[in-house]
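Okay, here's what each chain looks like letter by letter:
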Amino acid sequence: MTPPPVPFFDRARADLAMQGELVAAFQGVVQSGQYILGPEVEAFEAECAAYLGVRHAVGVSSGTDALLVSLMALGVGAGDEVVCPAYTFFATAGAIHRTGARPVFADVLPGSFNLDPASMARAITARTRAVVAVHLFGDCAPMDEILAVADGRGLPVIEDAAQAFGAERAGRRAGALGRMGCFSFFPTKNLGGFGDGGLVTTDRDDLAERARALRAQGARRKHHHTLVGGNFRLDALQAALLRRKLPRLGASLAQRRRHAAQYAALLGQADLPLSLPGAGSTGHTWNQYVIRVKDASLRDPLRGFLAARGIGTEVYYPAPLHLQPCFAAHGPPAGALPVAEAAARETLALPIYPELTSEEVTRVAGAVVSFFVDPRG
């Protein structure tokens, strides 16, 4: 009998378990007639600020818009440069480009794939206006080292924490480590919404005020525009539903960590040509569990082998940003950022969502082992 598939991600398992509570939240918003910003958004912002340990949390329309609003709030614009890692989701650099600034790509660390502080330092020029540090896959970037370099040059650091809601480093949570933090509530995230949504965090009153104005066409009161902003507001319905999920986040992250430990135990005891993700900081949230196939030519065959057995995987990311066609003019050329380029060739993400069962983790790990023992099955 063929076992049931193991999807790479299955949100329905979690949502159906709290369906009644979610339906009640939806009905409350409908009855209120308040769909844009309003009390639900304000309450969610306050709860997020308390959880993350920041003075201000500003709900916005997506993680991408959180990055854009943060860059705009810091005054980044045409003629400026912003340093960011080459190995990350496109939005990190796309938001920089949309301000008129130039993304300058730095290499990443071989273990965590987070921004390499030494490569970042080499990428800074007289035109650099800010640094974006990504907490990739749920593991906080080495912020002490990054901040030491940035602070020495008078540069603000924006945290791209889209994959890292709840992640911690040295007792502080992601979003409270840099000048501003940016989160995504895309459905696949640790705190996943029911569509697009995002959050900007900061301890600075002036930056929070600018972010709130920028999300509403640059106006803090109707028809009075102090800035040129955009339509970056968070929907009340998203806030209401996310408020019901936030209290469950701790349990969800604990389950992700258990899955990661189980993968490490099962795959680590076999003599496989793989590099497993390190535990990183103790606050790693495991938004993704990404293995590295030492022989890059075997990565895609492994993925096909798992797919044939009903096991979903993803490649994050198949090309580093400096080699994307739209950024070709910015450089650097192929070969200049070797760690990022190797990561794009060698990495594969395995299922790790909280509702995954221990038996499913065992099955996934067993299939990975089987591939290297006998790839013909």
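Reading guide: rules and limits
Residues numbered from 1 in each chain as written. Predicted model: local features only at pLDDT ≥ 70, side-chain atom pairs only at ≥ 80, totals over all residues. Heavy atoms only, no water. Core = buried A, V, L, I, M, F, W, Y, C linked by side-chain atoms within 4.5 Å. Buried < 20%, exposed > 50% of the residue type's maximum accessible area, 1.4 Å probe, protein only. Helix = DSSP H or I, 4+ residues; strand = E, 2+ residues; numbered from the N terminus. Contact = heavy atoms within 4.5 Å. Pairing = 2+ DSSP bridges. Axes fitted to C-alpha atoms, helices over the stretch in contact; angles between N-to-C directions.

**Here's the deal with the nonpolar core**
Nonpolar side chains in soluble globular proteins generally cluster together in the buried interior.
Link 1 in the chain: Residues Val82, Tyr87, Phe105 and Val200 are the most contacted members of the largest nonpolar core, which totals 45 residues.
Link 2 in the chain: Of all the secondary-structure elements, those providing two or more residues to this core are strand E1 (56–60), helix H4 (63–73), strand E2 (81–85), helix H5 (91–98), strand E4 (128–134), strand E8 (180–184), helix H8 (205–214) and helix H12 (338–346).
Link 3 in the chain: For this core, the leading source of residues is H4, giving 6 residues.
Link 4 in the chain: Apart from residues no more than four positions distant in its own chain, Val82 is found in contact with Leu71, Val76, Ile96, Ala101, Arg102, Pro103, Val104, Ala130, Val131 and Val132.
Link 5 in the chain: In terms of nonpolar packing, the next biggest core, distinct from the first, is built from 44 residues, Met120, Ile124, Ala161 and Leu249 among them.

**Description of the sheet that holds E2**
Link 1 in the chain: The strand order E1-E9-E8-E5-E4-E2-E3 describes an open sheet built from 7 strands, whose pairing is mixed. Lying at the two open borders of the sheet, with one neighbouring strand each, are E1 and strand E3 (102–106). Along the sheet, successive strands turn relative to each other by an average axial angle of 25°, direction set aside.
Link 2 in the chain: Note: E8 against strand E9 (residues 198–202), 4 bridges, orientation antiparallel. Within the sheet, the bridge partner assigned to Cys182 lies in E9 and is Val200.
Link 3 in the chain: Running over the sheet, helix H7 (residues 143–152) touches E4 and strand E5 (157–160) and is turned about 150° from E5.

Any functional reading would require information that these geometric values do not contain.
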